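Architecture at a glance
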Amino acid sequence: MRKLLSGRTLTVPDAFDTQALAAATALAEGGERLLSAALTRARTDGRVTQDLAGAPELLNRYQHASPAATAVLEAPLDARRLGVRLHLPQAFLTDAATDCLSQMDYDQLTDDWAEQAYAELAKPVHGKQAPCVAPPTPTTAAGIVAPPSAGPRSGSPTTSTTAPPAATCAHHAPSGTPPTPTSPASTT
């Protein structure tokens, strides 16, 4: 297919029309999970093709991300493998990500490595998809932003299976307690 389309430009409508959405819905009901998910996300604007087209770029982003950003993406994968629930707090991801770094990458972390990694991962591809998105801000029934709670989202995750401390990343063998990251200002 790539050879057939190589060097050609295909024009794609901005959105599926009613007939195309009905046909896509029928396919999704037949078991096409990716299409079903794309239809759910694109239900208000009909931009199914653009939603689906983001997948290759998201994979490309993962494969070419900075070591810190890659670690932030790998941490929840390993947490899920170990039975930890969905919607992990950012503090959990940040702490777990350090265990997914090689010693060399860990030693090169700067004080703002986490902020840089999350910013890198929050940039959308082909519309609204991004490798990592911030959770929605909780609101009250009146639509007012709820104050942060001291509940489970502010500390360690609530789960029936607790992840072991450190070395939870399947990509690197445990090496004991990692040293504190060094910053350029602290090395003399």
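It should be emphasised that the depicted structure is a prediction, and the values quoted were computed from it without experimental measurement.

In this section: helix α2 (residues 18-29). Between the first and last C-alpha of α2 there are 16 Å, a value that for twelve residues agrees with the 16 Å anticipated at 1.5 Å per step. With a side-chain oxygen lying 3.3 Å from the backbone nitrogen of Gln 19, the N-terminal cap of α2 falls on Asp 17. Following α2 by one or two positions, Gly 31 has its phi on the positive side, about 115 degrees.

What follows is about unusual backbone geometry. Excluding glycine, residues mostly carry a negative phi; peptide bonds, for their part, are mostly trans. Even without being a glycine, His 87 presents a positive backbone phi close to 60 degrees. Residue position: His 87 is located in the loop between α5 (67-81) and α6 (90-97).

Direction vectors running N to C along α2 and helix α3 (residues 33-41) enclose 135 degrees, while the axes themselves pass 8 Å from each other. The pairing of α2 with α3 is recorded here as oblique in orientation. In this structure, α2 meets α3 at a crossing whose hand is left-handed. Judged by residue contacts, Leu 21, Ala 24, Thr 25, Leu 27 and Ala 28 of α2 engage Leu 35, Ser 36 and Leu 39 from α3.

The subject of this paragraph is the environment of Asp 99. Tracing the backbone through its elements, the reader meets Asp 99 in the loop between α6 and α7 (103-107). Judged by its relative accessible area of 15%, Asp 99 falls in the buried class. A C-alpha to C-alpha distance of 8.1 Å links Asp 99 and Ala 75, two positions 24 residues apart in sequence.

Turning our eyes to something else, we now look at helix α8 (residues 113-122). Owing to its 3.6 residues per turn, the α-helix brings residues three or four apart onto one side. Buried within α8 we find Trp 113, Ala 114, Ala 117, Tyr 118 and Leu 121. Projected down its long axis, α8 carries its buried residues within an arc of 125 degrees, all on one side. Residues of α8 that are buried in the fold lie against α5 and α6.

What follows covers the nonpolar core. Looking at soluble globular proteins, one finds that nonpolar side chains tend to be buried together. In terms of nonpolar packing, the biggest core is built from 24 residues, with Val 72, Phe 92 and Trp 113 touching the most fellow members. At the level of secondary structure, the elements contributing two or more residues to this core comprise α5, α6 and α8. Residue contributions to this core peak at seven residues, all from α5. Not counting the four nearest positions on each side in its chain, Trp 113 is found in contact with Ala 68, Val 72, Thr 94, Ala 97 and Thr 98. Grouped together as the second largest cluster of nonpolar side chains are seven residues, Ala 28, Ala 38, Leu 39 and Val 48 included.

Calculation notes
- Residues numbered from 1 in each chain as written.
- Predicted model: local features only at pLDDT ≥ 70, side-chain atom pairs only at ≥ 80, totals over all residues.
- Heavy atoms only, no water.
- Helix = DSSP H or I, 4+ residues; strand = E, 2+ residues; numbered from the N terminus.
- Expected span 1.5 Å × (residues − 1).
- Polar contact = N/O pair within 3.5 Å; in protein donor to acceptor, adjacent residues only side chain to side chain.
- Axes fitted to C-alpha atoms, helices over the stretch in contact; angles between N-to-C directions.
- Parallel < 35°, antiparallel > 145°, perpendicular 65-115°, else oblique.
- Left-handed = near helix turned anticlockwise from the far one by under 90°.
- Contact = heavy atoms within 4.5 Å.
- Buried < 20%, exposed > 50% of the residue type's maximum accessible area, 1.4 Å probe, protein only.
- Arc of directions from axis to C-beta.
- Core = buried A, V, L, I, M, F, W, Y, C linked by side-chain atoms within 4.5 Å.

Any functional reading would require information that these geometric values do not contain.
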